[in-house]
Amino acid sequence: MDTGTVNSREQGEQGEQVDRPSRILEAALELLSRHGISGVSMRAVAREAGVALGLVNYYYEDKSSLIRAALHSVDKHDLALVAPDPALPPDEQLRNALRRVAGPELLTTRYLSLRLHLWALARADEDFALINAAAFDRYLDGLAALIGNAKPELSTKECKERAADIVVLQDGMWLTALLGVEKESIRRSIARTEEIAFAA
């Protein structure tokens, strides 16, 4: 018997097992983006992920736990948008973060539809609202920290105010991108966020 083949097969199976929660969550996110909360059931998620229903129930207790996981997943993604990169100067870190929100992977109907559905859920459910509010605060703090590093003469309050103004523009850009707004408008929106961040 070729032990290399057995070990590869075992590692592949272990990798698949490790990946199953991610596949299930990705399926839930896909269904949310296409159909909203009404399209998410444990059975539909299992079908979309290509796994047994029992496996979905093993990793996620119920539909609410799946939605919570989806909100946390988006939170993690948002934090990565404003994550500092010590290899770059502070002003470049800030510019990169401001431009990341207009990345081609974010300005898609699928992603923007997902955001809208998650925002709507956060308005309709107190538990989801708390998760969303905490995530928003973390993103705002991350963006304010980047502003503060690039503009050390600003107070913490001023950095937070600028971050809040930028987020309003970013959210508006995402919403209007769903309407097919031209790329030049997106470019102007990013330039405006940079003006706010770096204003004297």
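The sections below set out a description of the structure shown in this document. Within every chain, residues take consecutive numbers counted from 1 along the sequence as written. Two thresholds apply to this predicted model, a pLDDT of at least 70 for residue-level local features and 80 or more for giving and counting side-chain atom pairs, whereas whole-chain, interface and lining totals are computed over all residues. Side-chain numbers come from the whole structure's heavy atoms, not from hydrogens or water.

What follows is about the pattern of salt bridges. Two side chains bearing opposite charge may form a pair once their charged atoms approach each other closely. The working definition used for a salt bridge is a side-chain nitrogen of Lys or Arg within 4 Å of a carboxyl oxygen of Asp or Glu. In this structure the tally under the stated criterion is 15 salt bridges. A salt bridge links Arg-115 to Asp-78; its shortest N-O distance comes to 2.8 Å. On the criterion of sequence distance, the pair formed by Arg-115 in helix H6 (residues 109–124) and Asp-78 in helix H4 (residues 63–81) is long-range, its members being 37 residues apart. Classification of residues uses two cut-offs on accessible area relative to the type maximum, computed with a 1.4 Å probe and protein chains only: under 20% is buried, over 50% is exposed, and between them is partly exposed. Classification of Asp-78 as buried rests on a relative accessible area of 10%. With a shortest N-O distance of 3.0 Å, Arg-192 and Glu-195 are connected by a salt bridge. Of this pair, Arg-192 and Glu-195 both sit in helix H9 (residues 183–198), three residues apart, which is roughly one turn of that helix. Salt bridges sharing common partners tie together Glu-26, Glu-30, Arg-34, Glu-48 and Arg-110. What counts as a helix is a DSSP run of H or I of at least four residues, what counts as a strand is a run of E of at least two, and both are numbered from the N terminus.

Joining through side-chain atoms within 4.5 Å is the link that ties buried Ala, Val, Leu, Ile, Met, Phe, Trp, Tyr and Cys residues into a set, and such a set is a nonpolar core. In terms of nonpolar packing, the biggest core is built from 58 residues, with Val-45, Leu-94, Leu-143 and Ile-147 touching the most fellow members. Looking at this core element by element, the count peaks at nine residues for helix H7 (residues 126–150).

On the secondary structure map, Gln-93 appears in helix H5 (residues 90–100). We call two N or O atoms a polar contact when they sit within 3.5 Å, provided that within protein one can donate a hydrogen and the other can accept it, with sequence-adjacent residues counted only if both atoms are side-chain atoms. Side-chain polar atoms of Gln-93 contact the backbone oxygen of Leu-88, separated by 2.8 Å. Contacts: residue pairs with any heavy atoms within 4.5 Å of one another. Residues within four places of Gln-93 in sequence aside, it is in contact with Pro-84, Asp-85, Pro-86, Leu-88 and Leu-146.

So, on to the packing of helix H8 (residues 156–177) against H9. Packing of H8 against H9 leaves a shortest axis separation of 9 Å and a crossing angle of 175 degrees. On the basis of their axis angle, the class for H8 and H9 is roughly antiparallel. Between H8, through Arg-162, Asp-165, Ile-166, Leu-169, Gln-170 and Met-173, and H9, the contact on the second element is made entirely by Ile-186, Ser-189, Ile-190, Arg-192, Thr-193, Ile-196, Ala-197 and Phe-198. For this classification, the nonpolar set comprises Ala, Val, Leu, Ile, Met, Phe, Trp, Tyr, Cys and Pro, the charged set comprises Asp, Glu, Lys and Arg, and every other residue, Gly included, is treated as polar. In the contact of H8 with H9, the residues fall into eight nonpolar, three polar and three charged. Between N-to-C directions, angles span 0 to 180 degrees; the directions come from axes that are lines fitted to C-alpha atoms, helices contributing only their stretch in contact. To sort the angles, those under 35 degrees are grouped as roughly parallel, those over 145 as roughly antiparallel, those from 65 to 115 as roughly perpendicular, and the leftovers as oblique.

Running from N to C, H7 and H8 cross one another at 120 degrees; their axes reach a closest spacing of 8 Å. Here H8 runs oblique to H7, going by the angle between their axes. For H7 against H8, the interelement crossing comes out right-handed. For the pair H7 and H8, contact is made by Phe-136, Tyr-139, Leu-140, Asp-141, Leu-143, Ala-144, Ile-147 and Gly-148 and by Cys-159, Lys-160, Arg-162, Ala-163, Ala-164, Ile-166, Val-167 and Gln-170, respectively. Class assignment of the residues belonging to the contact of H7 with H8 gives a composition of 11 nonpolar, two polar and three charged. Crossing handedness is read from the near helix: turned anticlockwise from the far helix by less than a right angle, it gives a left-handed crossing, and turned clockwise, a right-handed one.

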